[in-house]
Amino acid sequence: MAAQCLAHALVALSFTGAIGLTFLMLGCALEGYGVYWPLFVLVFHMISPIPYFIAKRVTDDSDASSSACQELAYFFTTGIVVSAFGLPIILARVSVIKWGACGLVLAGNAVIFITIQGFFFVFGRGDDFSW
């Protein structure tokens, strides 16, 4: 039963990830927009979990309170997420992309980061075989 629940969660997470990437691609590829600069937010999506992975490997899980390494990882992750939301706004402000494309990219960012958060919520239970 638990494996079936995890399979349903994985399907739901992949569906929401696909929706987020669809928003991102629509912000780039629609005929009225046609500029692919917003795809650079994919770099932020790929590197956002890295500080958490490093902090989880370095810190000892037996300590109940938060460590400085975990707090630093949260700080870096927050900076990466804010940068992912800031890049399309800056690009729209300097008229590199249109504001409609910026809105689609921001919607895609929100969905993708919620998907990443959901992945850690569902699969990051701290068993021996997880990151």
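Naming follows an unreviewed UniProt entry, where the chain appears as Leptin receptor gene-related protein of Phascolarctos cinereus. Taken from UniProt, the Subunit (unreviewed entry) comment for the chain reads in full: "Interacts with LEPR. Interacts with RAB13." Under the UniProt heading Sequence similarities (unreviewed entry), the note attached to the chain is "Belongs to the OB-RGRP/VPS55 family."

This paragraph deals with the side chain of H45. Mapping H45 onto the fold places it in helix α2 (residues 41-47). When near neighbours in sequence (up to four residues on either side) are disregarded, H45 contacts N109, I112, F113 and I116.

Another point: the layout of surface pockets. Quantified by volume, the largest pocket comes out at close to 400 Å³. Those elements giving two or more residues to the lining of the largest pocket turn out to be α3 (50-58), α4 (68-93) and α5 (99-123). Of the residues contributing to the lining of the largest pocket, the split by class is eight nonpolar, five polar and two charged.

Another aspect to go through is the nonpolar core. Judged by nonpolar contacts, L91, A92, I97, A101 and C102 together constitute the single largest core of five residues. Ignoring sequence-local partners within four residues, the contact set of I97 consists of V35, P38, P88, L91, A92 and C102.

As a packed pair, α4 and α5 sit with axes 9 Å apart at the nearest point and diverge in direction by 175 degrees. Classed by the angle they form, the pair α4 and α5 counts as roughly antiparallel. Where α4 approaches α5, its residues V81, A84, F85, P88, I89, A92 and R93 are matched on the opposing element by W99, C102, V105, L106, N109, A110 and F113. Partitioned by chemical class, the residues of the contact of α4 with α5 number 12 nonpolar, one polar and one charged.

The rules behind each value
- Residues numbered from 1 in each chain as written.
- Predicted model: local features only at pLDDT ≥ 70, side-chain atom pairs only at ≥ 80, totals over all residues.
- Heavy atoms only, no water.
- UniProt positions renumbered as here; feature names shortened; annotations may be inferred.
- Helix = DSSP H or I, 4+ residues; strand = E, 2+ residues; numbered from the N terminus.
- Contact = heavy atoms within 4.5 Å.
- 1 Å grid on protein atoms, 1.4 Å probe; cavity = no way out; pocket = protein on both sides within 12 Å on 5 of 7 lines; lining within 4 Å.
- Points joined across faces, edges and corners; volume = space filled by probe spheres on them.
- Nonpolar A, V, L, I, M, F, W, Y, C, P; charged D, E, K, R; others polar.
- Core = buried A, V, L, I, M, F, W, Y, C linked by side-chain atoms within 4.5 Å.
- Buried < 20%, exposed > 50% of the residue type's maximum accessible area, 1.4 Å probe, protein only.
- Axes fitted to C-alpha atoms, helices over the stretch in contact; angles between N-to-C directions.
- Parallel < 35°, antiparallel > 145°, perpendicular 65-115°, else oblique.

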